[in-house]
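For reference, the chains in residue letters:
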Amino acid sequence: MSMAPGITLKGSATIEGRQLFAPLSLTLDAGRWTCLLGGSGVGKTTVLRLLADLPTGAAFDGTIAATDELPVAERIAYMAQSDLLLPWASVEKNITLGARLRGQTGDAARLEHLLDRCGLQDHRHKKPTELSGGQRQRVALARTLMEDKPIILLDEPFSALDAQTRAAMQDLAVELLEGRTVMMVTHDPGEAARLGHAIHVMTATQLQAVTPPQSSVPRAVEALDTLTCQSALLKLLMEQVA
Amino acid sequence: MKVWPPFAATIFALVVWQSIVTATGVQKFILPGPALVAEAWWTNRLVIAEHTLVTLQEILLGMAIGTTLGIATALQLATSKTARTLIQPILVFTQALPVFALAPILTLWLGFGLWSKIAMAVLIIYFPVTSAFFDGLMRTPPGYLDLAKTMQASPSRILWQIRVPAALPNLGAGVRLAAVYAPIGAVIGEWVGASRGLGALMIMSNGRAKTDLMFAAMLTLGVLSVLLYLAAAKLTRRLGDRET
């Protein structure tokens, strides 16, 4: 993996002339986790998709730049809320999908390493339908890491999991994504409070930075500063609804 | 699937059939009873087998060619916008023409042999196969395509690694439909002009008032179609979870 760059997105977006989000400036610090928190429909997924150069249906007026001035979109790996595992392919083949799609042979040593780290050795030949929700997201995480990209974009990847599986996945993700520039879109204040080196609350009119606790991520679920941050974030979200 | 409900239904149908024949005293060249039909079937079993093989050959060749053409067309349509705007309206238009009306002209062009029947079978299954597979190719879950784009995949690799495998269950549905339609195509071809095949046997027996033999040939065709459908269903079920 090359050095993880920092990224800045500046601009506004409209859908058919209607404003999706007002002019904003979002900076992702190099090698850190940035959490973008907000309710449904405020355009946080659009921001993520703009960074990934995926179709958004919105017109974006602005710039996306990396600190090393190299292109951003080709250096990202993407993980969505749905695990997007191909049902006809084995766990192993799903993890190495990227290489196959580029006509390359996958890095076998890296595959073994990731199967170990994600606890998937016993499942490598299984089809996705034979796995639990947590196992499937571990495969999706392994596939994301197999890409070995310096920038990781996560779109609510753990929101469909039950609480304890979600917490375990958060721990694993922080461990495995260390050193990469990560942006996570989430609607869960608890998740943002646990994982964000930086936290931004997004609304239709503005992007508000919230100072996260000083402790290192992933923060303990029971720690007072995590819980205080979580409730402060929830309060902010509720004020926007009202 | 339990075996006994269809078995019981068949017995019931046979009993009703025999009762109608007995009760009305209808002449046997109008409606022969099941016993007479069974007898005709047994007496003519070698003839029926010979004609069945001809029809089966037409059906299988028709399915192979029609499915191949359907797959090729669907791939072409799915990968080229130009092809979609050019071919799609023509495809729908040709489907609106009654294929039955083409049977005499196909016989005129291709003769009384195998090929006019194969052409009928091909014409009748081409559209359902094309349309089912094409639909599948155009309905790839968008998340897969997003993922593939972030992985810098080329359009051709996206097609073969993602869109085609994701559309295989649809192709399977198309092939199952083809297994039902292909016998109809072959038999229509045989009706219009042939000396061999179950359709030809039906026409000949009908002309000679051998109604029992006509029924025997018809029922053989029915059984053949059901077996074809079951075979197609078994083969295509494996398409659904094929490893690429």
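This is a predicted model, so every value here is computed, not measured.

Draft legend 1. Representation of the environment of A:Ile64. Residues and elements named next belong to chain A. Mapped onto the fold, Ile64 is located in strand β4 (residues 59-66). Between the C-alpha atoms of Ile64 and Leu26, which are 38 residues apart in sequence, the distance is 9.6 Å. With residues near it in sequence (within four places) discarded, Ile64 still touches Ile7, Thr8, Leu9, Leu50, Leu51 and Val72.

Draft legend 2. A look at the nonpolar core. In terms of nonpolar packing, the biggest core is built from 43 residues, with A:Trp33, A:Ile95, A:Leu141, A:Leu154, A:Leu177 and A:Leu233 touching the most fellow members. Residues within four places of A:Leu154 in sequence aside, it is in contact with A:Trp33, A:Leu48, A:Met79, A:Leu177, A:Val182, A:Met183, A:Met184 and A:Val185. Among the nonpolar cores identified, the runner-up in size contains 42 residues, and B:Ala74, B:Leu159, B:Val164 and B:Leu198 belong to it.

Draft legend 3. Molecular detail of the UniProt feature "domain: ABC transmembrane type-1" (unreviewed entry) in chain B. Following the UniProt record, the feature "domain: ABC transmembrane type-1" (unreviewed entry) maps to residues 48-236 of chain B here. Each end of residues 48-236 of chain B is marked by a C-alpha atom, and these two atoms are 29 Å apart; helix forms 89% of the span and strand 0%.

Draft legend 4. Local environment of the sheet that holds strand β6 (residues 151-155) of chain A. All names here are of chain A. Pairing is mixed in the open sheet, where six strands are placed in the order β5-β6-β7-β3-β8-β9. A strand with exactly one partner marks an edge of an open sheet, and here the two such strands are β5 (76-79) and β9 (207-210). Taken pair by pair, the neighbouring strands of this sheet meet at an average axis angle of 20°, ignoring direction. Across the face of the sheet, helix α1 (residues 44-52) comes into contact with β3 (33-37), β5, β6, β7 (181-186) and β8 (198-202) while running at roughly 150° to β7. In this fold helix α5 (residues 133-146) packs onto β5 and β6, with an angle of close to 170° to the strand it touches most, β5.

Draft legend 5. Region of interest: the packing of helix α6 (residues 114-138) of chain B against helix α8 (residues 155-192) of chain B. All names here are of chain B. Running from amino to carboxyl end, α6 crosses α8 at an angle of 155°, the nearest separation of the two axes being 6 Å. Accordingly, the angle class assigned to the pair α6 and α8 is roughly antiparallel. Judged by the twist between their axes, the crossing of α6 over α8 is right-handed. Class assignment for the residues of the contact of α6 with α8 results in 21 nonpolar, five polar and three charged.

Draft legend 6. Just the domain arrangement of chain B, in detail. Residues and elements named next belong to chain B. We note that the domain assignment places domain 1 (1-30) and domain 2 (32-240) within chain B. The interface of domain 1 with domain 2 comprises seven residues on the first partner and ten residues on the second. The junction of domain 1 with domain 2 conceals about 680 Å² of combined surface from both sides, 70% of it contributed by carbon and sulfur atoms. Three residues, Trp17, Lys28 and Phe29, lead the burial of domain 1 against domain 2; their summed loss comes to 65% of the area buried on that side. Remark: the boundary between domain 1 and domain 2 carries zero salt bridges. Linking domain 1 with domain 2 are two residue pairs in polar contact (both at pLDDT 80 or more), by the criterion used here.

Draft legend 7. Here's a closer look at a nonpolar patch on the surface. Residues and elements named next belong to chain B. Residues Phe100, Leu177, Val180, Tyr181, Ile184, Val223, Val226, Leu227, Tyr229 and Leu230 make up a contiguous nonpolar surface patch of about 890 Å² in total accessible area. Per element, the largest residue contribution to the nonpolar patch is five residues, and it comes from helix α10 (residues 211-240). Topologically, Leu177 is positioned in helix α8. Assessed through its relative accessible area of 38%, Leu177 is described here as partly exposed.

Draft legend 8. The UniProt feature "domain: ABC transporter" (unreviewed entry) in chain A, seen in detail. UniProt records the feature "domain: ABC transporter" (unreviewed entry) at residues 2-229 of chain A, using the numbering of this structure. Helix makes up 31% of residues 2-229 of chain A and strand 25%, with an end-to-end C-alpha separation of 33 Å.

Draft legend 9. Highlighting the interface of chain A and chain B. Residue-level contacts link 27 residues of chain A with 21 residues of chain B. Contact between chain A and chain B buries roughly 2100 Å² in total, counting both sides, with carbon and sulfur atoms accounting for 59%. Of all residues in chain A, A:Leu84, A:Trp88 and A:Leu101 give up the largest surface area on contact with chain B, accounting jointly for 37% of the area buried on that side. Counting across the chain A and chain B interface gives two salt bridges. Note that B:Asp146 is salt-bridged to A:Arg49, the shortest N-O span being 2.8 Å.

Draft legend 10. Region of interest: the UniProt feature "transmembrane region" (unreviewed entry) in chain B. Those places that UniProt annotates as "transmembrane region" (unreviewed entry) correspond, in this numbering, to residues 59-78, 90-112, 118-137, 173-193 and 213-232 of chain B. For the annotated span residues 173-193 of chain B, helix accounts for 95% and strand for 0% of the residues, and the straight-line distance between the end C-alpha atoms is 31 Å.

Draft legend 11. Molecular detail of the pattern of salt bridges. Residue and element names in this part refer to chain A. Under the criterion given, the structure shown has 15 salt bridges over all chains. Between Glu112 and Arg124 there is a salt bridge, with its nearest N and O atoms 2.8 Å apart. One end of the pair, Glu112, is in helix α4 (residues 108-117); the other, Arg124, is in the loop between α4 and α5, with twelve residues separating them in the sequence. Glu112 gets classed as partly exposed once you look at its relative accessible area, which sits at 30%. Classification of Arg124 as buried rests on a relative accessible area of 17%. Between Glu147 and Lys149 there is a salt bridge, with its nearest N and O atoms 4.0 Å apart. Across the pair, Lys149 and Glu147 agree in class, each one buried. Bridged by salt links that share partners, the residues Glu92, Glu112 and Arg124 form one connected network.

Here is what the cut-offs are and how they apply
- Residues numbered from 1 in each chain as written.
- Chains lettered and ligands numbered in written order.
- Predicted model: local features only at pLDDT ≥ 70, side-chain atom pairs only at ≥ 80, totals over all residues.
- Heavy atoms only, no water.
- Helix = DSSP H or I, 4+ residues; strand = E, 2+ residues; numbered from the N terminus.
- Contact = heavy atoms within 4.5 Å.
- Core = buried A, V, L, I, M, F, W, Y, C linked by side-chain atoms within 4.5 Å.
- Buried < 20%, exposed > 50% of the residue type's maximum accessible area, 1.4 Å probe, protein only.
- UniProt positions renumbered as here; feature names shortened; annotations may be inferred.
- Pairing = 2+ DSSP bridges.
- Axes fitted to C-alpha atoms, helices over the stretch in contact; angles between N-to-C directions.
- Parallel < 35°, antiparallel > 145°, perpendicular 65-115°, else oblique.
- Left-handed = near helix turned anticlockwise from the far one by under 90°.
- Nonpolar A, V, L, I, M, F, W, Y, C, P; charged D, E, K, R; others polar.
- Domains from an automatic or database assignment.
- Buried area = accessible area lost by both parts, 1.4 Å probe.
- Salt bridge = Lys/Arg side-chain N within 4 Å of Asp/Glu carboxyl O.
- Polar contact = N/O pair within 3.5 Å; in protein donor to acceptor, adjacent residues only side chain to side chain.
- Patch = residues over 30% accessible without salt bridge, like charges linked within 9 Å, V, L, I, M, F, W, Y side chains within 5 Å.
- Areas by Shrake-Rupley, 256 points an atom, 1.4 Å probe, with all protein chains shown as cover.

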